[in-house]
Each structure stands twice: as structure tokens, then as C-alpha cells.
Amino acid sequence: MSVVEEATGVIGLLGRSWGWLEDRLDPARLSAKRLIVAFEAHGIARQQIIRLLPSHVLQSKPEVTMADFSLPRKLKLRLSPPLLDWAADYLNVRRAWLDGVDEPPHIVIDRYKRPAKYSGWLQSRQAQAPAVDRWLSVWKAKGEPMSSEGSGPLCLVYQETSNGLDGREWSRYWLLSDEWSLHHSPCVENMAAAVSVALSLGILVTGHDLPLDKLGRVTRGKMLIPLAEHHRCGRWYPEDLVAPAPGTGSEWQRAILNSAQAWSAEAARDTT
């Protein structure tokens, strides 16, 4: 490594360290930074945010301008409860996360061991947002087999996509799992049951691989889902677990399907 490369690395490390310290010492700056980062992660440039603001936010005090969204240190002076409330609702992220609180950014709808209850929630989404494209994605670590030999995180992501600014697509996301693991068979069984529910409602289901480090950060609430999407690196088919072709599937897959059906039946009887 050259002297220049070493110096550049040190400068970069110092810059990141200073940014972390600023966030710790200045919660308002952290809140402004998260708001900008969240919009950019969802494909909305910081200079475009002003175009989305509803009138009640634009007219609230303190008033914001396009320039205020250019830097966290500027935006922090214009933060208000109406602005943060609207941003959290528009992007479907946790309000507390926007406040700078140390918690995951995405809303989690976890029905572990009650997978039939995904049906009611998904139907409510269909009623509330009938004109969007929607699908359920199942993420696992790159290279991990969907078998008894698999390990690593197992992540269920529900996504709704519609037209945004200038006709471009944009999406909102929910997590339907909470740190599930591929090596823990009840998690796989509940995933298969959730897939079955989604398919029964006409919701498209897809499977993707992600690098382990990126997937781990999503499940721990340290990475926004749309940023992780850029790292998808493989496809697989979750529906093969719940609707295998006749005469196909391993003994493990058949056991998962039977258990998934049992979970669904048990959860359907549970009215609590």
C-alpha cells in the first residue's frame, strides 16, 4: 500500500469517526441525517423531498425550503413534529428511528407460530392500498441451501410498489419476520406457512439470496431494506416448499410442508 493510499484510509476513518461522534453529541443532526438517508434509500433525491411535502407540513413552523434538505446540519434547524410524522408515514419507517432512537428502522409484523394471522393483515393491506403492486420476498444468505443443511438469517419482506415522482416507481416495506434463522426448522415452517397464505391471496412470492453480512444487518435493524435490495445476488423459489411438483421434494421438504400446514391450522383456531 502506498503512502497516499494509507493517508486516504486514515482520513476516511477519521471522517467516519467524527461523523459518529457528531451523531452522538447532536441528536437533532442524527434525526435529520436519517430522514435524508431514508428518502435517498427509497430512490428520492434530497432536493426532491420538498416536492412531496403536503401543505400542512410546508406551512408548519419552522418552514422548510429545498436548500434545507441539502445537508443534515441545515435540516436539523427545520425539524418539526409534523415533518417527522409525515416522513415516517410516507416511507413507512418507525417514527422513533427517525427521532434518532437506537431501534430498527422498519415496522415489523411478526406472526411467528401464528402464521395464519398473516392472512388478515395482508387482506387489510389489500383493502387499504388496492392500486399497488405487491409481493412477498424471502431472503436467505448467499449459497445457503434451502434444506436441513442451511443456516443463517431468514428474512420475510413485504413490499408495495406504486408510482412516485415523475412516474418513477417507489416502494414501501414491512418485515414479516423478526430475526428468524434458516437452521431453526420452526422458522422455516412458519415461512412456508406465510408463503402459502400470500399465494392464496394472489400475492406474488419471490426468493432471493443476499450476502450474509448485508442480510445480517437487515435482520438486526442496521440496514434499510431498499439499500440491501441492491445486493441481491441469486433467485430461488419459496413456492416449491408449499406446492411441490408431484413426486418431487426431499423428505425434509415434505416434513416442512406438513409442519407448516399444522402451524396454519393451529393458528387459525387461535382467536386470541
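Before going into details, it helps to say that this report is about the structure given with it. Quantities reported herein were computed from a predicted structural model and do not represent experimental measurements.

**Re helix α6 (residues 81-91)**
What sets the pattern is the α-helix's 3.6 residues per turn: residues three or four places apart point alike. Listing the buried residues of α6 in full gives Leu 83, Leu 84, Trp 86, Ala 87, Ala 88, Tyr 90 and Leu 91. On its buried side, α6 packs onto α2 (27-41), α3 (49-52), α4 (55-58), α5 (72-75), α7 (95-98) and β3 (169-175).

**Side note on the packing of aromatic side chains**
One pass over the full model with this rule turns up eight aromatic pairs. Geometrically, the ring pair formed by Trp 121 and Trp 174 is edge-to-face, given 5.7 Å between the ring centres and 70° between the ring planes. Taken together, the positions of Trp 121 in helix α8 (residues 118-128) and Trp 174 in strand β3 put the pair 53 residues apart, joining distant regions of the chain. The class of Trp 121 is buried, set by a relative accessible area of 13%. Each member of the aromatic cluster is reached from another via a ring pair, and the members are Phe 39, Trp 86, Tyr 90 and Trp 170.

**With respect to the pairing of strand β2 (residues 153-163)**
Every regular strand shows the same layout, with side chains that alternate between the two sheet faces. Most of β2 sits out of view: nine of its eleven residues are buried. As defined by bridge partners, strand β1 (residues 133-141) adjoins β2 across eight bridges and the pair is classed as antiparallel. Bridge pairing links Val 138 to Leu 156 in β2. Where β2 lies against strand β4 (residues 180-181), two bridges are found, and the strand directions are antiparallel. Within β4, the position partnered with Pro 153 by the bridge is Ser 181. Where β2 lies against β3, seven bridges are found, and the strand directions are antiparallel. Within the sheet, the bridge partner assigned to Thr 161 lies in β3 and is Ser 171. Where β2 hands over to β3, the hairpin turn is made up of five residues, of which Asp 166 adopts a positive phi near 55°.

**Here's the deal with helix α9 (residues 185-200)**
In this model α9 runs 23 Å from its N-terminal to its C-terminal C-alpha over 16 residues, within 8% of the 22 Å that 1.5 Å per residue would give. Within α9, twelve of the 16 residues are buried, which leaves the element mostly enclosed by the surrounding structure. Of the residues making up α9, those classed as buried are Pro 186, Cys 187, Val 188, Glu 189, Asn 190, Met 191, Ala 192, Ala 193, Ala 194, Val 195, Val 197 and Ala 198. Directly beyond the C-terminal end of α9, a positive phi value near 75° is found at Gly 202.

**Concerning the environment of Tyr 90**
Note that Tyr 90 resides in helix α6. Placed 38 residues apart in sequence, Tyr 90 and Leu 52 show a C-alpha to C-alpha distance of 9.3 Å. Discounting chain neighbours no more than four positions away, the residues touching Tyr 90 are Phe 39, Ile 44, Leu 52, Trp 170 and Arg 172.

**Topic: the packing of α2 against α6**
As a packed pair, α2 and α6 sit with axes 11 Å apart at the nearest point and diverge in direction by 30°. One finds that α2 runs roughly parallel with respect to α6. Pair α2 / α6 crosses with left-handed handedness. Of the residues in α6, those in contact with Ser 31, Leu 35, Ala 38 and Phe 39 of α2 are Leu 83, Leu 84, Trp 86, Ala 87, Tyr 90 and Leu 91.

What counts as what
Residues numbered from 1 in each chain as written. Predicted model: local features only at pLDDT ≥ 70, side-chain atom pairs only at ≥ 80, totals over all residues. Heavy atoms only, no water. Buried < 20%, exposed > 50% of the residue type's maximum accessible area, 1.4 Å probe, protein only. Helix = DSSP H or I, 4+ residues; strand = E, 2+ residues; numbered from the N terminus. Contact = heavy atoms within 4.5 Å. Phe/Tyr/Trp six-rings, centres within 6.5 Å; stacked < 30°, edge-to-face > 60°. Pairing = 2+ DSSP bridges. Expected span 1.5 Å × (residues − 1). Axes fitted to C-alpha atoms, helices over the stretch in contact; angles between N-to-C directions. Parallel < 35°, antiparallel > 145°, perpendicular 65-115°, else oblique. Left-handed = near helix turned anticlockwise from the far one by under 90°.

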